[in-house]
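Each chain, letter by letter, is given below.
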Amino acid sequence: MSQLGQVVGILRKLNEEYQISTPKKLKLIDAYLVYVLLTGIIQFAYCLLVGTFPFNSFLSGFISTVGCFILAASLRIQLNKANQSTFNVTPERAFADFVFAHIILHLVVMNFIG
Amino acid sequence: MTSTSFMMIIFMILPIFSWCATSTVAANLSPANLDGLKAQFQTAMKSFSDVASLHYTLAGIKELGVQPPDSFCNDIKKLVDKSNIESIYHATEAAKTLANCKLPVEDYRSVVTSTLQSDKSTTSEVYYAVSSSVNLGLTVDEASIEKRLNALAKTDDSILSQGYALLTGAQLSQPVAKFYADTVNDLVQQADEIDGRTLQYEGGVGTTALLVSAFYEVAEKAGAAMKIDPKQLHKFASYFSTKRHVATLRSAYYLTKVFKYLSDNKNTMPVVVTRVSPSAISAQNPSVLVSVSNLLGQPVGEISVVAESAKRKDDGVVVISKQKLTSKASDFSVFELPFYDTKIPRGFYTIHLTLTPRGDGKLIGLTDNTIDVKVTSEGAIENAELSVSDRDNTAQAKTYKLTYPNVQSEKLELDYHQKLVLKFQIKDKRTGEFIRVQQAFLRFTNKKSNKEIIYLAEATDGSNSQYKVEVDLQTNANDFRHQSGAYNAALILGDQLLQNAYEWKLNDNIQLSFHEDSQADKNHQNLYVPRPEIVHQFRLDEVRPPTIVSLVFSALTLLPLLILFILWIKLGFNLSGLPLGLSPLGFHISHGAVFALMFFYWKYLDMFQTIRYLALISIPLFIFGHRVLATLAARREKKA
């Protein structure tokens, strides 16, 4: 019981830290990440439940969510001012890369969706 | 299958096998199948459908010594086609064989003359015309015929054409015949040699027989002996003697003619050596009887026969060397060689014979004649004993001594922990040694269902060949299909060189009890019944969920979008910093156009078109995007 209490305590502290120290832009991107994750989970659950009938469609949908998640995550990393030392890109450049990569991802996903 | 039929099969197959084995190896000539040819002609004589069959049949039967009746004259006149030279030829030849058959000459004169004068007639037609003219008594212009034949020889060099040229030459005067007789050697060179043993011409037995009899005919007319190498003549004779049955009447007729020529003692004659005694030598049949004749089966005159050697087939041991055969008939047609001797062991033998004629050599085929015989012996079963013992310890075995042909009177009862062992030996009565045989079986017959279960008896190596067969009621239970019950046991022995085969009933009442339940017999009849039809199954569709489920889940997938908007609004998402102007507008429009293109790609376009459109749209997208981002960057700089 005390262990569970400890875990809950830690999580609450994490949440507080997060709310305070993260800038708004990054929080928006985090919300987007959560959305993409949820979509992926729902698609996967459907596949587990009813089988992989149009397997290519399932794959394309799932890869789309995974791809979007990765691209958004990398955008978030690049925009985080704490990482400025590692990455030497302007936020605009990061965003432009994000858009370009998305176009290619969507091309592939549309090709595969069948 | 009852035991008696099985027995009959053994008795019939073994001798037939041995007979076949001995007669196919011989490379000698065999006498002509005159009875077969005569029967063929006599069957054909019952009804005729064309004049060619009439010719061949009447001429053939006359060669064999039967004079056809004159009643056929009407048939000839009815069947002949007066406009066809071949038909006329057949008609005149057929009429020649009858005692009194006159054909109306005037009906045929025009066709015959026109064929002889025409430039387009083939060699066969020329022969038909010349032959018909001679038969009908018309005059023949030899010079023009010779010229025509020479012209044909240049254009048509087929073997049959050359044959007909020879036959035509035989119908003309002697010098012409002599000219053609000299070409016989060239024609012989054109024959095909098969296996180094026979010579034949392309076209089968009819063509070959026609050609060889043409050789004889033209040589006879020329008045000179036929110039042919005796070895090659023997090869032709070899070919003819292998033709026991011929399909057509034409082949039958020419074959008969050629046999007659080859058996005429004016010419070189091939000698035929055949065995007339049975192939198995035993105490009842101690000698080999050999017949010497020509191809028609007639004697060839005073001749002496010597057996050069008699070799055993498996090991080449020579048992006879240069022994003269005694003549049994006054016409020197049958000779005897005693062969049953204690010094000659059992086995298959090949005897090589050489013949020496008394007079000058017009006979060929005197060496290289072989006769195959087998020396058999009587056997005796000895030391037969049947023992019943436990599977595990054979020490306490009950052994019963058996003597052929007695049936064991005791009832044997065996159950699944016992085994049965049969031991025996076979002795050769003549030499006293123990021999091995080709077939040694122990057969159990289920008294109720008559099913047979057969085991092979194996002999030990060495000189005392003891046979042993063991039946264990546990390991061999499957053979019996676990069917307990009463059984008969019999011993079956057989061999090619054993004079008597054995089917010895050992015991009439053996009770076998198996451990497991009996299995039903396999119904062997059902093996040949049509099998159930296999219906082709197309690939089944994959299992799909009901439409409702997929629709619900599609809606469910859009739910997170709602959550996203709620979160964003909570976080304070606003469009206040959105720059306005041409570039941002252009950027948004081209960005939207890319998404629209994706939709169209999914629905209507293919990759190539999409790539092209994408390339087109990406230009404004890049330009406007760059501008917007530059504006934003400048704004950020200004703030910082």
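- Labelled according to an unreviewed UniProt entry, chain B appears under the name Dolichyl-diphosphooligosaccharide--protein glycosyltransferase subunit 2, originating from Adineta steineri.
- The Pathway (unreviewed entry) field of the UniProt record for chain B holds the comment "Protein modification; protein glycosylation."

- Chain A has the name Dolichyl-diphosphooligosaccharide--protein glycosyltransferase subunit DAD1 in an unreviewed UniProt entry, where Adineta steineri is given as its organism.
- Note on chain A: under the UniProt heading Subcellular location (unreviewed entry), the record states "Endoplasmic reticulum membrane".

## Notes on the overall build of chain B
Next up, step 1: Helices and strands together make up the secondary structure of chain B, namely 17 helices and 23 strands.
Next up, step 2: Out of the 640 residues in chain B, the part that is buried amounts to 43%.
Next up, step 3: Within chain B, contacts between residues separated by at least 24 positions form 70% of all contacts whose residues are at least 6 apart in sequence.
Next up, step 4: Surface accessibility of chain B: about 34800 Å² in total, with carbon and sulfur atoms responsible for 55%.

## Brief notes about the interface of chain B and chain A
Next up, step 1: Every contact between the two is made by 34 residues of chain B and, on the other side, 27 residues of chain A.
Next up, step 2: On the chain B side of the interface with chain A, the three residues burying the most area are F553, L571 and L629 of chain B, jointly 19% of the side's total.
Next up, step 3: The tally of links between chain B and chain A comes to four residue pairs in polar contact (both at pLDDT 80 or more).
Next up, step 4: Looking at the side of chain B that touches chain A, the elements that each hand over two or more residues are α15 (547-571), α16 (582-603) and α17 (607-639) of chain B.
Next up, step 5: Among the elements that make up the side of chain B that touches chain A, the one with the highest residue count is α15 of chain B (12 residues).

## Some details on a nonpolar patch on the surface
Next up, step 1: On the surface, I548, V552, L556, L559, L562, I563 and I566 of chain B cluster together into a nonpolar patch covering about 620 Å² of accessible area.
Next up, step 2: By the secondary structure assignment, I548 of chain B is in helix α15.

About the criteria used
Residues numbered from 1 in each chain as written. Chains lettered and ligands numbered in written order. Predicted model: local features only at pLDDT ≥ 70, side-chain atom pairs only at ≥ 80, totals over all residues. Heavy atoms only, no water. UniProt positions renumbered as here; feature names shortened; annotations may be inferred. Helix = DSSP H or I, 4+ residues; strand = E, 2+ residues; numbered from the N terminus. Buried < 20%, exposed > 50% of the residue type's maximum accessible area, 1.4 Å probe, protein only. Contact = heavy atoms within 4.5 Å. Areas by Shrake-Rupley, 256 points an atom, 1.4 Å probe, with all protein chains shown as cover. Buried area = accessible area lost by both parts, 1.4 Å probe. Polar contact = N/O pair within 3.5 Å; in protein donor to acceptor, adjacent residues only side chain to side chain. Patch = residues over 30% accessible without salt bridge, like charges linked within 9 Å, V, L, I, M, F, W, Y side chains within 5 Å. Salt bridge = Lys/Arg side-chain N within 4 Å of Asp/Glu carboxyl O.

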